[in-house]
Amino acid sequence: MGKFLEDFKAFALKGNVVDMAVGVIVGGAFGKIVTSLVNDIIMPVMSLMTGGSGYENLKYVIKEGSPATAEGAAAVEEVAIHYGTFIMNIVDFFIIAMSIFVALRVMMKFKKKEEEAPAPAPEPTKEEVLLTEIRDLLKQNAESKK
């Protein structure tokens, strides 16, 4: 059991897992924003252009419903295909997909610019400077003996 917990701790504390968790949380919040944009702003405007009934009300009724009667007959629910809701979900999907596509393109541009820029040469350590001086002195000494 101890090894299992150690392995899980190592897995959970990796940077990728934390990044993924943050992405899921931000993605969930972003999804709510996009859903609100579609339902509260885009679809009302589109429904005005198509007659004003609202997309959520668009449906194809397969079987009409009926209320309960005084004689004791139970209510029958309507059976319908709600294609207006389906259209709203398609618009929602395309907005989210386009947003992710644009975000990834921007990130790739920044990554490509970082890769193109040459990294500056690191400063030599004190040991490297000392070894370089010793090498140069040995060369001078060898040349002066010739």
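Just above, that's the structure.
Residues numbered from 1 in each chain as written. Predicted model: local features only at pLDDT ≥ 70, side-chain atom pairs only at ≥ 80, totals over all residues. Heavy atoms only, no water.

### Concerning the pattern of salt bridges
Alright, step 1. Inspection of every chain in the model, using the stated rule, returns three salt bridges.
Alright, step 2. Its salt-bridge partner being Lys3, residue Asp7 comes within 3.3 Å of it at the nearest N-O pair. Note that Asp7 and Lys3 are positioned in helix H1 (residues 2–12) at a spacing of four residues, about one turn of the helix.
Alright, step 3. Given the relative accessible area of 41%, Asp7 is considered partly exposed.
Alright, step 4. In this structure, the salt-bridge partner of Asp136 is Arg135, at a minimum N-O distance of 3.2 Å.
Alright, step 5. Among the residues examined, Asp136 registers a relative accessible area of 35% and is labelled partly exposed. (Salt bridge = Lys/Arg side-chain N within 4 Å of Asp/Glu carboxyl O. Helix = DSSP H or I, 4+ residues; strand = E, 2+ residues; numbered from the N terminus. Buried < 20%, exposed > 50% of the residue type's maximum accessible area, 1.4 Å probe, protein only.)

### Brief notes about the packing of aromatic side chains
Working definition: an aromatic ring pair is given by the centre-to-centre distance plus the angle between the planes.
Alright, step 1. Taken as a whole, this structure holds one aromatic pair when the rule is applied.
Alright, step 2. Ring plane angle 65° and centroid distance 5.5 Å describe the contact between Phe93 and Phe94, whose orientation is recorded as edge-to-face.
Alright, step 3. For Phe94, a relative accessible area of 52% corresponds to the exposed category. (Phe/Tyr/Trp six-rings, centres within 6.5 Å; stacked < 30°, edge-to-face > 60°.)

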